[in-house]
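A structural walkthrough
Okay, here's what each chain looks like letter by letter:
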Amino acid sequence: MNVDELMTRARAVERSELTPDDILLTDRVVVVTGGGGGIGLGVALGAAEFGADVAVLEVDPDRCAAAQAAIEATGRRALAVQCDVMDSDALRAAIRRVATEFGRLDALVNNAGGVRGGPFLTMPDASMRRHIDINLVSTLVATQEAARVMSEAGTGGAIVNVSSIEAMRAAPGFAVYAACKAGMVNFTRTMALELAEHRIRVNGIAPDHTITPGMRGNLRGPVDPASWSDTDESYHRVVPLGREGLVDECAAVAVWLCSAMSGYVTGVTVNVDGGTWASSGWLRDGDGGWTFSP
């Protein structure tokens, strides 16, 4: 698209007043990778509650089926596709299947990922490559395929990348994971420019400590809060808002970024972290004040 075409389109944008309906996703189609639990399931259910039909791509068959049932319980259409996002061909096929079965694709949320901590000096090559494939390559592949579908349809769309606050700071013991998430943040900015002419907005969220099945040791199988480990009470010192985040708080930002209410927002990553990035080493002391811990 040349400059004249862009200017013509810009002049054609209708000026309208902000309304509550702008946050709704009524009859739009949203795809969520890794949507069987944690933040991914929260986003999937949030999108459905705000009116979207939702497709979940999930490797775990039990979570896949449970996610579909939960979405359908909101009254919206659901499609759950068992898919390993590290299989690029399967991932592309799943996204095309969603567009075919629902007849459109309006938003993609790249949520799938994973991490295993350990010293970088002893990390095997296979582990490095797995981290890169599941966290970064899956995002590249899914974005490319979804953007192709959106651009072919000419309807525009929204892409939301679920990064991490570790993308913004050093992360000893999680070096490759943090590097992948930092790559996602840069990729988000670059895609915002490349895809703008197709009216595709690209943004991200960067959560920190969030209560999810994975953070509570429920890594596979049905999501069962009764099996989760106890909350770490030290978060009240580390997190300015004094607690861990909730899945729905991440979902709220993702839904907003998929909606018309964020129609002039692209290329940004929103920290959904309770203020931990802002604190940058400041810890709450016993008297309710703050102490710097370099």
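These notes cover the structure that comes with them. Because the structure is a prediction, the values reported are computed rather than measured.

1. Section: the packing of helix H2 (residues 38–49) against helix H8 (residues 247–258)
- At a minimum axis distance of 8 Å, the contact between H2 and H8 shows a crossing angle of 55°. One way to sum up the angle between H2 and H8 is to call them oblique. Here H2 and H8 pass one another in a crossing that is right-handed. Counted together, Gly-38, Ile-39, Gly-42, Val-43, Gly-46 and Ala-47 of H2 and Val-247, Cys-250, Ala-251, Ala-254 and Val-255 of H8 form the full contact between these two elements.
- Here the residues of the contact of H2 with H8 are counted per class, giving eight nonpolar, three polar and no charged.

2. Focus: unusual backbone geometry
- Here the phi dihedral of Asp-27 falls at roughly 65°; this positive angle occurs in a residue that is not glycine.
- Mapped onto the elements of the fold, Asp-27 is located in the loop between helix H1 (3–12) and strand E1 (29–33).
- Taking relative accessible area as the criterion, Asp-27 reaches 44% and is therefore assigned partly exposed.
- Not every positive phi belongs to a glycine, and Arg-199 is a case in point at roughly 60°.
- Locating Arg-199 in the fold gives a position in the loop between helix H6 (175–194) and strand E6 (200–207).

The rules we used
Residues numbered from 1 in each chain as written. Predicted model: local features only at pLDDT ≥ 70, side-chain atom pairs only at ≥ 80, totals over all residues. Heavy atoms only, no water. Axes fitted to C-alpha atoms, helices over the stretch in contact; angles between N-to-C directions. Helix = DSSP H or I, 4+ residues; strand = E, 2+ residues; numbered from the N terminus. Parallel < 35°, antiparallel > 145°, perpendicular 65-115°, else oblique. Left-handed = near helix turned anticlockwise from the far one by under 90°. Contact = heavy atoms within 4.5 Å. Nonpolar A, V, L, I, M, F, W, Y, C, P; charged D, E, K, R; others polar. Buried < 20%, exposed > 50% of the residue type's maximum accessible area, 1.4 Å probe, protein only.

Distances and angles like these do not, on their own, reveal function.
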